[in-house]
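# Chain and residue survey
Each chain, written out:
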Amino acid sequence: MKHHILVKFNAGTDVAALVEPVRAIFSETLSIPGIHGLKLKTNCVDRPNRYDLMIVLDMDPAALPAYDASEPHRRWKAEYGPITAQKAIFDCE
């Protein structure tokens with residue numbers, strides 16, 4: 001499945017400066033059995049109703065509990081939660 005995380009950061013956040021540090025955190029999840037791939041995409045339209053970043057993990061559905069309990073996931077929430085205005089999660093085949 002594809003596990004999408006869409007993030008809208010707080011106003012004034014330098015999203016471009018966050019891409020590589022966020023990629024580094026999520027790259028660590030690739031060592032979790034059942035997680036096979038990672039993509040990050042930044043928004044290309046500057047409008048207030050757009051999200052800033054999309055993180056996509058390619059994973060087996062059974063890997064979701066291990067991902068949720070993982071250290072990289074906890075670190076992502078701890079470090080980037082305070083600067084996140086909105087977040088949406090979407091899972092699909």
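Residues numbered from 1 in each chain as written. Predicted model: local features only at pLDDT ≥ 70, side-chain atom pairs only at ≥ 80, totals over all residues. Heavy atoms only, no water.

Here we come to the sheet that holds strand 3 (residues 53-59). Spatially, 4 strands are ordered 2-3-1-4 in an open sheet, and the strand pairing comes out antiparallel. On the outer flanks of this sheet lie strand 2 (35-42) and strand 4 (84-92), each paired with one strand and no other. Within the sheet, the average angular offset between the axes of one strand and its neighbour, ignoring direction, is 15 degrees. Sheet topology places strand 2 next to strand 3; 7 bridges connect them, and they run antiparallel. Bridged to L40 within strand 3 is I55. Helix 1 (residues 15-27) contacts strand 1 (2-9), strand 2 and strand 3 of the sheet and is inclined by roughly 175 degrees relative to strand 2. The strands touched by helix 3 (residues 71-80) are strand 1, strand 3 and strand 4; relative to strand 1, the strand with the most contacts, the crossing angle is about 15 degrees. (Pairing = 2+ DSSP bridges. Helix = DSSP H or I, 4+ residues; strand = E, 2+ residues; numbered from the N terminus. Axes fitted to C-alpha atoms, helices over the stretch in contact; angles between N-to-C directions. Contact = heavy atoms within 4.5 Å.)

Another aspect to go through is the pattern of salt bridges. Enumeration over the complete set of coordinates arrives at 4 salt bridges. Salt-bridge contacts for R23 lead to E20; the nearest nitrogen and oxygen are separated by 3.2 Å. Of the two residues, R23 and E20 are both situated in helix 1; the distance of 3 residues between them amounts to about one turn of the helix. R23 gets classed as partly exposed once you look at its relative accessible area, which sits at 28%. The salt bridge partner of R75 is E28, with a shortest N-O separation of 2.4 Å. You can see R75 sitting in helix 3 and its partner E28 sitting in the loop between helix 1 and strand 2, a full 47 residues away along the chain. Here R75 falls in the partly exposed class, since its relative accessible area comes to 22%. A relative accessible area of 35% means that E28 is categorised as partly exposed. Beyond isolated ion pairs, a larger network of salt bridges with shared partners links E28, E71 and R75. (Salt bridge = Lys/Arg side-chain N within 4 Å of Asp/Glu carboxyl O. Buried < 20%, exposed > 50% of the residue type's maximum accessible area, 1.4 Å probe, protein only.)

Looking now at the state of the cysteines. A complete count under the given rule lists 0 disulfides for this structure. In this structure C44 is a free cysteine whose sulfur lies 19 Å from that of C92, the closest cysteine sulfur available. (Disulfide = S-S within 2.5 Å.)

Below, the discussion takes up the packing of aromatic side chains. Across all of its chains, the model carries 2 aromatic pairs by this definition. Considering the side-chain rings of F26 and W76, the 5.2 Å spacing of their centres and the 65 degrees angle between planes classify their relative orientation as edge-to-face. Taken together, the positions of F26 in helix 1 and W76 in helix 3 put the pair 50 residues apart, joining distant regions of the chain. Classification of F26 as buried rests on a relative accessible area of 1%. (Phe/Tyr/Trp six-rings, centres within 6.5 Å; stacked < 30°, edge-to-face > 60°.)

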